[in-house]
Amino acid sequence: MKFNNINVHISPLAKIGKNVKIGDNTIIYDNVEIGDDSIVCNNCVIGEPLNSYYSNDNYTNPITVIGKNSLIRSHTIIYAGSRFGHHFMTGHTVIIREETIMGAHCSVGTLCDIEGYVTFGNYCRLHSYVNIGQHSKLGNFVFVYPYVNFTNDPHPPSTICVGPTIGDFSQIAAHAVLLPGAQVGKNCLVGVNTTVVNDVPDGSVVSGNPGKIVGRTAWIRSKEEGKENTSYYPWIYNFDRGMPWKGIGYDKWVEDGSKI
Amino acid sequence: MKFNNINVHISPLAKIGKNVKIGDNTIIYDNVEIGDDSIVCNNCVIGEPLNSYYSNDNYTNPITVIGKNSLIRSHTIIYAGSRFGHHFMTGHTVIIREETIMGAHCSVGTLCDIEGYVTFGNYCRLHSYVNIGQHSKLGNFVFVYPYVNFTNDPHPPSTICVGPTIGDFSQIAAHAVLLPGAQVGKNCLVGVNTTVVNDVPDGSVVSGNPGKIVGRTAWIRSKEEGKENTSYYPWIYNFDRGMPWKGIGYDKWVEDGSKI
Amino acid sequence: MKFNNINVHISPLAKIGKNVKIGDNTIIYDNVEIGDDSIVCNNCVIGEPLNSYYSNDNYTNPITVIGKNSLIRSHTIIYAGSRFGHHFMTGHTVIIREETIMGAHCSVGTLCDIEGYVTFGNYCRLHSYVNIGQHSKLGNFVFVYPYVNFTNDPHPPSTICVGPTIGDFSQIAAHAVLLPGAQVGKNCLVGVNTTVVNDVPDGSVVSGNPGKIVGRTAWIRSKEEGKENTSYYPWIYNFDRGMPWKGIGYDKWVEDGSKI
């Protein structure tokens, strides 16, 4: 029942790559481009028209790009005007608004809500229920855990919209809230339930409400068997599942040109 | 693919106003009334039957009212027995249970869950992922940010059900939890990640877990360019996007009769 | 529009019990077994194929079992390879991954995300927006409130996956986060917004971030009318709605053999 071509609607203005599978009850709107070897599961909407669609008779749908080798799981809604690199992946029932720009190998978990006008680097990974407000910026290899909220209004309601910025390799644990304009450096760990109110220097651990720098990620001991006396962070030396340095190590990958 | 009348099912007992557009795969059950010039997007369910529908052969669906000029975005489920004033708006994949009563110009964000038996005034605005428990009461111009939870059971599980009450113009920031029966006054600001355990007087800022009164909203300086030495709150004098006093100012709007 | 047999797809390899109703636009995949007198509402997916379905031409769908007298509400997605006892119930738009094993009379609220490889006893009840990470274990009569997160990675990202364990009758209040491997005993109360970092002995109340034991559940006075001078907990003596001891009391139910 995924790929039977039942109740599938594809705009004649969409460009569908080679060997793309599209699930039942899925809609592909005007000016969507889907890269080769991608899968869009059932009940998805790709290229959802923007608000002006309802009022403007001359509405033209902006271009939406899904990179090759992507997997969009069921019930996902992606607005027109967003672009995703190759190997993009979503969970179920994801909502992504317009002007969301992601690099390659990004994944967005089940029930996430990305509000648009955001930029992600490569290999970012959002777990379930992540809410990214407008004008947020994530570097590369940033992982965000459930119920994290990137906010952007310093005294609501206002017309100011300043999102947080997160540096490469940083990890944002469950239920953290990033206040508007917060700058989290590289290789940081934002703890569970933390409210990030100030800037966080590279390699820091921040925790509490209001969030305070409580240490360095380098101080965190590994809980892996046989590695208990070593630092776990930077995690790039201890974790490679799904990473481009898998099997060769981070340093060799960089030496080889950081190919993604 | 929104308004092609494909797989749309409208009960003959529903009353659909003039110039209403209904999206594909949407279902309108018995005794739903949809006001003129409204849009119901695709894959919505309006007037979802209550639990007794499954067991009672003589089940009659209660009346559901969607005011005129409303916009219900895709995958929204609204149970029978709720009523919404004009210019009602939802995001995607919203779930609203029975006996939800909202005034005019209310909006409910993507992935919200409203558990029913709640009352909202006019111009309330819920952002994404807001959970409103039964027997909550919101005044007018109350804005609620992501992951906020209105609770109602003082020692779970019990049969006691006492929701929080929020006064006009108050702002409930992300990840706040309101404990059962909490009374938040008018013009308050509940901070990010706050657990509201006691009553909050008008114009207060409350923060922390347990939430404590940490100041007055009037003490918060504006971050708007050129206004840095002025109070931002009451926000009604500094924000008018989508508000009925847009272009004329709050005081003039009141003077003119507070027309909504 | 629920049970008109429109756009329903049931695999010939599925086993559907007697008097089962299946809603419109619902898909039942291979090797799903649905018990007698169950209801699966519209737009559901039962037995969603696992990831290997996309790459393995010889893929066989694992067995999925829904017990008798179950009620699966609309837009729910249940992956293949999970098993649920009788009287299973879901809210709307629930996502449950593979290898989720639940006893009888469990319910999973609207917009929950169960990540699979978890075990629940009987009569567990998840409210809305609960996220249960892999390798979590819930006893019997465990109730979990909105936005609670069961985590499993002690220093993300890593390959370690150790979920929390919750004892019988414990209550996990809204917005709590359970850190990896946390052991919560029986008859505990985890307070709102708590981060559980250590083990919690039977009958304890834990609160704060980091969570600390702040008292005994037995110290909590009832707020029920006329019972103000008595302990509310253990709640099994004060609450029986939907419980197997309804009308006879917990002790008599145990005396009679704890039949579920």
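Up top you'll find the structure we're talking about.
S.K.: What is the right way to look at the overall build of chain A in this model?
M.R.: When helices and strands are counted, chain A shows 1 helix and 30 strands. For 260 residues, the compact-globule estimate of 2.2 N^0.38 gives 18 Å, and chain A sits close to it at 20 Å. The principal-axis extent of the C-alpha atoms belonging to chain A is close to 60 × 50 × 30 Å. Within chain A, the proportion of its 260 residues that are buried is 60%. Considering only residue pairs separated by 6 or more positions, chain A has 24% of its internal contacts joining residues 24 or more positions apart.

S.K.: Looking at this model, I keep getting lost on the relation of the copies chain B and chain C. Mind explaining?
M.R.: Relating one copy of the chain to the other takes a rotation about an axis and a shift parallel to that axis. Mapping chain B onto chain C leaves a residual RMSD of 0.0 Å; the transformation is a rotation of 120° accompanied by 0.0 Å of translation along its axis. On the angle and the small slide along the axis, the relation comes out as a three-fold axis. The residues that chain B uses at the interface reappear at the interface of chain C in only 15% of cases, marking distinct surfaces.

S.K.: Would you take a moment to explain the side chain of A:Ser158 for this structure?
M.R.: All names here are of chain A. Looking at the element boundaries, Ser158 is found in the loop between β22 (149-150) and β23 (165-166). Reaching out from Ser158, the side chain makes a polar contact with the side chain of Asp153 at a distance of 2.6 Å. Here Ile160 takes part through its backbone nitrogen, which lies 3.1 Å from a polar atom of the side chain of Ser158.

S.K.: Help me out: how do you make sense of the side chain of B:Thr151 in this one?
M.R.: Mapped onto the elements of the fold, B:Thr151 is located in the loop between β22 (149-150) and β23 (165-166). By relative accessible area, B:Thr151 is classed as buried at 14%. Here B:Leu178 takes part through its backbone oxygen, which lies 2.8 Å from a polar atom of the side chain of B:Thr151. Once residues lying within four places of it in the same chain are set aside, the contact partners of B:Thr151 are B:Val162, B:Gly163, B:Pro164, B:Val177, B:Leu178, B:Leu179, B:Pro180 and C:Ala174.

S.K.: Would you explain the environment of B:Asn7 in this entry?
M.R.: Examined against the element boundaries, B:Asn7 turns out to sit in the segment before β1 (9-10). Considering only alpha carbons, one finds B:Asn7 and B:Asn43, 36 residues apart in sequence, at a separation of 9.5 Å. Not counting residues within four places of it along the chain, the set of residues in contact with B:Asn7 comprises B:Asn25, B:Thr26, C:Ile6 and C:Asn25. Within the structure, B:Asn7 has its side chain in polar contact with the side chain of B:His9 (distance 3.1 Å). In this structure the side chain of B:Asn7 is engaged in a polar contact, spanning 2.9 Å, whose partner is the side chain of B:Asn25.

S.K.: Please clarify how the packing of aromatic side chains should be interpreted in this entry.
M.R.: For any two aromatic rings, the description comes down to two numbers: the centre-to-centre distance and the angle of the planes. Residue and element names in this part refer to chain C. The full count for this structure, using the stated rule, is 63 aromatic pairs over all chains. Ring centres of Phe169 and Trp235 lie 6.2 Å apart, and the angle between their planes is 75°; this geometry places the pair in the edge-to-face category. Taken together, the residues span a long stretch of sequence, with Phe169 in the loop between β23 (165-166) and β24 (171-172) and Trp235 in the loop between β30 (212-216) and α1 (250-255) at a distance of 66 residues. Summarising the burial analysis for this pair, Phe169 and Trp235 share the class buried. Pairing Trp245 with Tyr250 gives two aromatic rings, centres 5.0 Å apart and planes at 85°, and the pair type is edge-to-face.

S.K.: Help me understand the relation of the copies chain B and chain A in this model?
M.R.: Of the transformation superimposing chain B on chain A, the axial component is 0.0 Å and the angular component is 120°, with the fit at an RMSD of 0.0 Å. Residue by residue, only 16% of the interface of chain B is reproduced at the interface of chain A, so the copies engage with different surfaces.

S.K.: Help me out: how do you make sense of the interface of chain B and chain C in this one?
M.R.: Chain B puts 40 residues into the contact, and the matching count from chain C is 38 residues. Between chain B and chain C lies a buried interface of about 3100 Å² when both sides are counted; carbon and sulfur atoms form 59% of it. It is B:Tyr54, B:His155 and B:Pro157 that lose the most area in chain B upon contact with chain C, and together they represent 22% of the buried surface on that side. The tally of links between chain B and chain C comes to 1 salt bridge. A salt bridge links C:Lys2 to B:Glu48; its shortest N-O distance comes to 2.9 Å. Run the count over chain B and chain C and you get 17 residue pairs in polar contact (both at pLDDT 80 or more). Breaking the side of chain B that touches chain C down by element, the ones donating at least two residues are β7 (45-48) and β10 (77-79) of chain B. Residues of the side of chain B that touches chain C, tallied by class, amount to 21 nonpolar, 16 polar and 3 charged.

S.K.: Is there a simple way to think about the interface of chain B and chain A in this case?
M.R.: Frequently, the measure chosen for interface size is the accessible area removed from exposure when the parts meet. On the chain A side, the residues contacting the 38 residues of chain B number 40 residues. Among the residues of chain B in contact with chain A, B:Met1, B:Lys2 and B:Tyr147 are the three that bury the most area, contributing 18% of the side total. Applying the counting criterion to the chain B and chain A interface returns 1 salt bridge. Viewed at the interface, chain A and chain B are joined by 17 residue pairs in polar contact (both at pLDDT 80 or more). When grouped by side-chain class, the residues that make up the side of chain B that touches chain A number 19 nonpolar, 12 polar and 7 charged.

S.K.: Would you take a moment to explain the sheet that holds β22(A) for this structure?
M.R.: Hydrogen bonding along the main chain pairs the strands of a sheet, whether they run parallel or antiparallel. Residues and elements named next belong to chain A. Judged by pairing direction, the sheet is parallel, and its 10 strands sit side by side in the order β1-β4-β7-β10-β13-β16-β19-β22-β25-β28 without closing on themselves. Both outer strands of the open sheet, β1 (9-10) and β28 (195-196), are each paired with one neighbouring strand and no more. By the bridge criterion, 2 bridges tie strand β10 (residues 77-79) to strand β13 (residues 95-96) in an arrangement that is parallel. Bridge pairing links Ile77 to Ile95 in β13.

S.K.: How should I be thinking about the pairing of strand β30 (residues 212-216) of chain B in this particular structure?
M.R.: It is a general feature of regular strands that their side chains alternate between the two faces of the sheet. Residue and element names in this part refer to chain B. Taken together, the 4 bridges between strand β29 (residues 204-207) and β30 define a ladder with antiparallel strand orientation. Note on β30: the bridge partner recorded for Val206 is Ile213. As consecutive antiparallel partners, β29 and β30 are separated by 4 residues, and within that stretch Gly208 has a phi angle of approximately 95°, a positive value.

S.K.: Would you mind going over the sheet that holds strand β25 (residues 177-178) of chain C with me for this structure?
M.R.: Residue and element names in this part refer to chain C. Taken in spatial order, the 10 strands line up as β1-β4-β7-β10-β13-β16-β19-β22-β25-β28 in an open sheet, and their pairing is parallel. Every other strand in the sheet has two partners, leaving β1 (9-10) and β28 (195-196) as the edge strands with one partner each. Where β1 and strand β4 (residues 27-28) come together, 2 bridges link them in parallel fashion. Residue pairing in the sheet places His9 in a bridge with Ile27 of β4.

S.K.: Explain unusual backbone geometry to me, please; I cannot follow it from the model alone.
M.R.: Among all residues except glycine, the phi angle is most often negative; among peptide bonds, the trans geometry is most common. Cis geometry marks the peptide bond from A:Tyr233 to A:Pro234, where omega comes out at 0°. Of note, A:Pro234 is situated in the loop between β30 (212-216) and α1 (250-255). In this structure, C:Pro157 follows C:Pro156 across a cis peptide bond, with omega equal to -5°. Along the chain, C:Pro157 falls in the loop between β22 (149-150) and β23. Even without being a glycine, B:Asn19 presents a positive backbone phi close to 60°.

S.K.: Even after reading the chapter, I still don't get the environment of B:Met243, so can you show me in this structure?
M.R.: Residue and element names in this part refer to chain B. Of note, Met243 is situated in the loop between β30 and α1 (250-255). In this structure, the C-alpha to C-alpha distance between Met243 and His105, residues 138 residues apart in sequence, is 9.1 Å. Among residues more than four places away in sequence, those in contact with Met243 are Tyr123, Arg125, Phe141, Phe143 and Trp235.

How each quantity is defined
- Chains are numbered independently. Their residues run from 1 in the order of the written sequence.
- For this description, chains carry letters from A and ligands carry numbers from 1, given in the order in which they are written.
- This being a predicted model, a pLDDT of at least 70 is required before a residue's local features are given, and a value of 80 or more before pairs of side-chain atoms are given or counted; all residues contribute to the totals for chains, interfaces and linings.
- To get the side-chain values, all heavy atoms of the structure are used, and hydrogens and water are removed first.
- What counts as a helix is a DSSP run of H or I of at least four residues, what counts as a strand is a run of E of at least two, and both are numbered from the N terminus.
- Based on C-alpha atoms, the radius of gyration is set beside the globule rule, defined as 2.2 Å times the residue count to the power 0.38.
- Relative accessibility decides the category of a residue: with a 1.4 Å probe and only protein chains considered, values under 20% of the type maximum give buried, values over 50% give exposed, and everything between is partly exposed.
- Should any heavy atoms of two residues lie within 4.5 Å, those residues are counted as being in contact.
- Least-squares fitting of one copy onto the other uses the C-alpha atoms of those residues that reach a pLDDT of at least 70 in both copies.
- Pairs of N or O atoms within 3.5 Å make up the polar contacts considered here, provided that, within protein, one atom can donate a hydrogen while the other can accept it, and that residues adjacent in sequence are counted only when both atoms are side-chain atoms.
- Working definition: a ring pair exists when centres of Phe, Tyr or Trp rings (six-membered ring for Trp) sit within 6.5 Å. Plane angles under 30 degrees give stacked, over 60 give edge-to-face, the rest tilted.
- As a working definition, buried area equals the accessible area (1.4 Å probe) given up by two parts on being put together, with both sides summed.
- We count a salt bridge whenever a side-chain nitrogen from Lys or Arg sits within 4 Å of a carboxyl oxygen from Asp or Glu.
- Nonpolar residues are Ala, Val, Leu, Ile, Met, Phe, Trp, Tyr, Cys and Pro. Charged residues are Asp, Glu, Lys and Arg, and all others, Gly as well, are polar.
- A strand pair is defined by DSSP finding two or more bridges across the two strands.

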